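# Summary of the model geometry
Each chain is listed here by its residues.
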Amino acid sequence: MVSLGAVYSAAYVFLLAVTLVLGGDIVHHDDVAPRRPGCENNFVLVKVPTWIDGVENSEYVGVGARFGPTLESKEKRANLTRVVMADPPDCCTKPKNKLTSEIILVHRGKCSFTTKANIADEAGASAILIINYRTELFKMVCEENETDVDIGIPAVMLPQDAGLNLEKHIKNNSNVSIQLYSPLRPLVDVAEVFLWLMAVGTIICASYWSAWSAREAAIEQEKLLKDASDDYANTENVGSSGYVEISTVAAILFVVIASCFLVMLYKLMSFWFVEVLVVLFCIGGIEGLQTCLVALLSCFRWFRQPAQTFVKIPFFGAVSYLTLAVTPFCIVFAVVWAVNRRASWAWIGQDILGITLIITVLQIVRIPNLKVGTVLLSCAFLYDIFWVFVSKWWFHESVMIVVARGDRSGEDGIPMLLKIPRLFDPWGGYSIIGFGDIILPGLIVAFSLRYDWLAKKNLRAGYFLWAMTAYGLGLLITYVALNLMDGHGQPALLYIVPFTLGTFLSLGKKRGELKILWTRGEPERPCPHNQEDNQSINSHQ
């Protein structure tokens, strides 16, 4: 029987499922900011390590301009150069101080960015640092009517606090020197490899658990039939209550409801709202961790007796003693993660809670046939593309990416994600994958293994091996696209759905089983009426 908490976990993940693979933006592609010859650079983040009187000090992060030469990518090749303050500070007129290849520090305002850069270039500066009048960074572009954009020095925008710190040291007559470089991320980071293994491994574990449960239920029913038990109908009802089956209508409604929740997350994104999401995630994570621990411990003979002995608890119904024993641990685990979720190691707890929750959902929620699976994944495919790419036209930013990163919340992303820190990325950050990128295709992969086992197909003649391979390949292509886009978030289902669903449909058609998979789905279990009819036919023969 499905517990109330398990049903809640399934509903929670479906309503708040984020479907996105993200590696952290380093290069900021911007189709809104105008491009033209001389003003066609990508907006790159720039590292600005500082030295005060020869002693290494703070390191700041700026953003490169649309114009000017590109910066060096290697730290060892970046020159350590002295910084001087512009006089006048806005650098809208020729500086009074004489420059000999120093980096000039100027304030934003009174004239265009390109005007400042041209004046600094003509005065002999080697680069220009522009202090923003806000704490965030700003993308520096060329004005539409400007013609003199052949600028020979790099221009970098600094946030207000960083620029004012440098200015304070210069005014105190300190010798301030900096380096300017924009390191490239490696083609492949170990984090992406482990995240791929986590996603694939989670689906494999969930699929085998789901198939094993379906086969055990089928074997139990066959035993009852052989004993000519009158309790078959009751057993069938219990089995059907062990999981939640998705219908075609529910598959379509998923996109509508999920979109509404995504917009709500986007509009209400704030510190307190993320706190609410953390509480919801903890509740779902406790249920998932508890379910997986009970199932795992039940495999050992020492725990079988407490797993099969139940006590009735108000509201929750019959609960095994083993469940009661592991629940306090699960609660403490989730609370410890929630309290320390900003710690550097907190991603481990988030991934454990997330994986167990996903496995539990894939065990409980099932698609009855390939038709429902096709509708669900097709709708999710369109949902993913719309909220990552098309939403920019209405909201002027990608709604899915903003929600996944937790922008405007003061938090490092929302909890409905698996994440691993990027180990060899000079910019740090996390590689992440949304729950939806595992759960939605995982439903059809789990269906393929249940079909194979109930139809008594071996691994090669079945569908699971091909569906699982297609999912892994689709996710791999997603990471290739992620790296080609310099870490800009990608809708994973854009690549996973064609691979997974296309492989399943093509293979079913080639084998002549598409009609069965499409409508009937899993092989029908024998019923008492069919058995009686067969016995009657045999007796007449």
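Residues numbered from 1 in each chain as written. Predicted model: local features only at pLDDT ≥ 70, side-chain atom pairs only at ≥ 80, totals over all residues. Heavy atoms only, no water.

Moving on: the state of the cysteines. In this structure the tally under the stated criterion is two disulfides. Across the disulfide, C39 is cross-linked to C142 (sulfur-sulfur distance 1.5 Å). Around the S-S axis, the bridge from C39 to C142 shows a dihedral of about -70° and counts as left-handed. Of this pair, C39 sits in the loop between strand 2 (27-28) and strand 3 (43-52) while C142 sits in the loop between strand 7 (127-131) and strand 8 (155-158), placing them 103 residues apart in sequence. In this pair, the class of C39 matches that of C142, namely buried. Disulfide partner of C92: C111, at an S-S distance of 2.0 Å. Handedness of the C92-C111 disulfide follows from its S-S torsion of about -90°: it is left-handed. Note that C92 is positioned in the loop between strand 5 (81-85) and strand 6 (103-107) and C111 in the loop between strand 6 and helix 2 (113-123), a separation of 19 residues in sequence. (Disulfide = S-S within 2.5 Å. Helix = DSSP H or I, 4+ residues; strand = E, 2+ residues; numbered from the N terminus. Buried < 20%, exposed > 50% of the residue type's maximum accessible area, 1.4 Å probe, protein only.)

Within the secondary structure, T202 sits in helix 4 (residues 190-226). Not counting residues up to four positions away in its chain, the partners in contact with T202 are I355, I358, I359 and I438. (Contact = heavy atoms within 4.5 Å.)

The predicted model of the protein has a mean per-residue pLDDT of 84, with 85% of residues at 70 or higher. Ignoring residues within four places in sequence, the model shows residues 25-29, a span with pLDDT below 50, making 23 contacts including any to other chains. Counting contacts from residues 231-241, a segment whose pLDDT is below 50, to residues more than four positions away or on other chains yields 10 contacts. (pLDDT = per-residue confidence, 0-100.)

Moving on, we get to the packing of helix 4 against helix 13 (residues 436-454). The contact between helix 4 and helix 13 brings their axes to 8 Å, and the two run at 40°. On the basis of their axis angle, the class for helix 4 and helix 13 is oblique. Regarding helix 4 and helix 13, the two cross each other, and that crossing is right-handed. Mapping the contact onto sequence places A199, T202, I203, S207, Y208, S210, A211, W212, A214, R215 and A218 in helix 4 and I438, G442, V445, A446, L449, R450, W453 and L454 in helix 13. (Axes fitted to C-alpha atoms, helices over the stretch in contact; angles between N-to-C directions. Parallel < 35°, antiparallel > 145°, perpendicular 65-115°, else oblique. Left-handed = near helix turned anticlockwise from the far one by under 90°.)

Neither face of strand 8 is exposed, since A155 and M157 on one face and V156 and L158 on the opposite face are all buried. Here strand 4 (residues 55-64) pairs with strand 8 via two bridges, running antiparallel. Paired with G64 across the strands is V156, a residue of strand 8. (Pairing = 2+ DSSP bridges.)

We now examine the packing of helix 4 against helix 14 (residues 464-484). Relative to each other, helix 4 and helix 14 sit at 155°, their axes nearing to 11 Å. Between helix 4 and helix 14, the crossing angle belongs to the class labelled roughly antiparallel. Handedness of the helix 4/helix 14 crossing: right-handed. For the pair helix 4 and helix 14, contact is made by E192, L195, W196, A199, V200, I203, I204, S207 and Y208 and by F464, M468, Y471, G472, L475, L476, Y479, L482 and N483, respectively. Across the contact of helix 4 with helix 14, the residue classes break down as 14 nonpolar, three polar and one charged. (Nonpolar A, V, L, I, M, F, W, Y, C, P; charged D, E, K, R; others polar.)

Pairing between side chains of opposite charge can happen when the charged atoms of each approach one another. Counting across every chain of the model gives eight salt bridges. Overlapping salt bridges bring together E192, R422 and D425 as one network. (Salt bridge = Lys/Arg side-chain N within 4 Å of Asp/Glu carboxyl O.)

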